[in-house]
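Commentary on secondary and tertiary structure
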Amino acid sequence: MARRAVVPAGPLGDDFSFVSPVAKYVLFFFNLLFWVISMVMVAVGVYARLLKHAEAAMACLAVDPAILLVVVGVLTFLITFCGCVGSLRENICLLQVFSVCLTVIFLLQLAAGVLGFVFSDKARGKVSEIINGAIVHYRDDLDLQNLIDFGQKEFSCCGGVSYKDWSQNMYFNCTATNPSHERCSVPFSCCRRDPGQAVINTMCGHGMQARGYLEASAFIHTNGCIDKLVNWTHSNLFLLGGITLGLALPQLVGIILAQLLINQIHDQIELQLYNQQHRADPWC
């Protein structure tokens, strides 16, 4: 539907502007905040990447948290840059790029949530695939290792489906031909923690894969992290809904402000054309 042309009810001065300073500067500072955050994300990601050894840097790019942080930071930087400059310079093209990008991201998030709910079994399989891939590369990436250890500690779990999934890792593999001193072991983050224990025993998971479930359960968590993650999700639907709303709300505000500013700029352009035409016509 075409926009309705602005027809001034009477002559308007050159100082009059349809562009609201409130909408303009709220959108500018809104984008400036996330622009600064995006630069911090990129800096942290690049710094974390440079700290790693060269051989580890090429080991597992697909699951590297540092690379993920850099990618998200760069995308956020580019989008918010369009929003900052577009609002400050009243540039319709940049504002449209900003609005379209936010709309696409919002729709992708909405589609991912709906598809994840409808195809929960396939989503579970994808999560299982990601966790198994992370287990394989556990020793290749320090950031990934810390992330897995944090998850296993917080959810009191071990491996994907069970603690024996750690046999997929070349260091923890439980075959007789494995020369590693960690053969048949699991990471210390799988171990049951004694609240009164001041020093963590990092060797507590040694040889646990060679033991049965009942025997191993006295020392480590034998349940996999996938079931624990699914149960946690079902128990915290309101929290997840709040987080989702918290992520979606700034995007919706940005889209609305950008569209409002675009319409105001169009109206201002039409007003300027109207004034120029009437200055050029001595009979008006």
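Residues numbered from 1 in each chain as written. Predicted model: local features only at pLDDT ≥ 70, side-chain atom pairs only at ≥ 80, totals over all residues. Heavy atoms only, no water.

Tallying secondary structure elements over the chain gives nine helices and zero strands in all. A burial count over the chain gives 31% of its 284 residues as buried. A fraction of 70% describes how many contacts in the chain between residues 6 or more apart in sequence connect residues 24 or more apart. Accessible area of the chain: about 17700 Å², with a carbon and sulfur share of 69%. (Helix = DSSP H or I, 4+ residues; strand = E, 2+ residues; numbered from the N terminus. Buried < 20%, exposed > 50% of the residue type's maximum accessible area, 1.4 Å probe, protein only. Contact = heavy atoms within 4.5 Å. Areas by Shrake-Rupley, 256 points an atom, 1.4 Å probe, with all protein chains shown as cover.)

Let's shift gears to the side chain of K24. By the element assignment, K24 lies in helix α1 (residues 21–50). Residue class for K24 comes out buried when judged on its relative accessible area of 12%.

Bringing α1 into the picture now. Taking 1.5 Å as the rise per residue, α1 with 30 residues should run 44 Å; its terminal C-alpha atoms sit 43 Å apart, in good agreement. The complete set of buried residues in α1 reads A23, K24, L27, F28, F30, N31, S38, G45, A48 and R49. (Expected span 1.5 Å × (residues − 1).)

What UniProt calls "transmembrane region" (unreviewed entry) maps, in this numbering, to residues 25–48, 60–88, 94–119 and 237–262. Summarising residues 25–48: 100% helix, 0% strand, and an end-to-end C-alpha distance of 34 Å. A distance of 37 Å separates the end C-alpha atoms of residues 237–262, which is 100% helix and 0% strand. (UniProt positions renumbered as here; feature names shortened; annotations may be inferred.)

The next subject is the confidence of the model for the chain. A low pLDDT means the predicted coordinates there should not be read in detail. Across the chain, the average pLDDT comes to 83, with 87% of residues at or above 70. Considering each helix and strand of the chain separately, the mean pLDDT is smallest for helix α2 (residues 54–57), with a value of 46, and largest for helix α7 (residues 213–216), with 91. Considering only residues more than four positions removed or in separate chains, one finds that residues 54–61, a stretch of pLDDT under 50, has nine contacts. (pLDDT = per-residue confidence, 0-100.)

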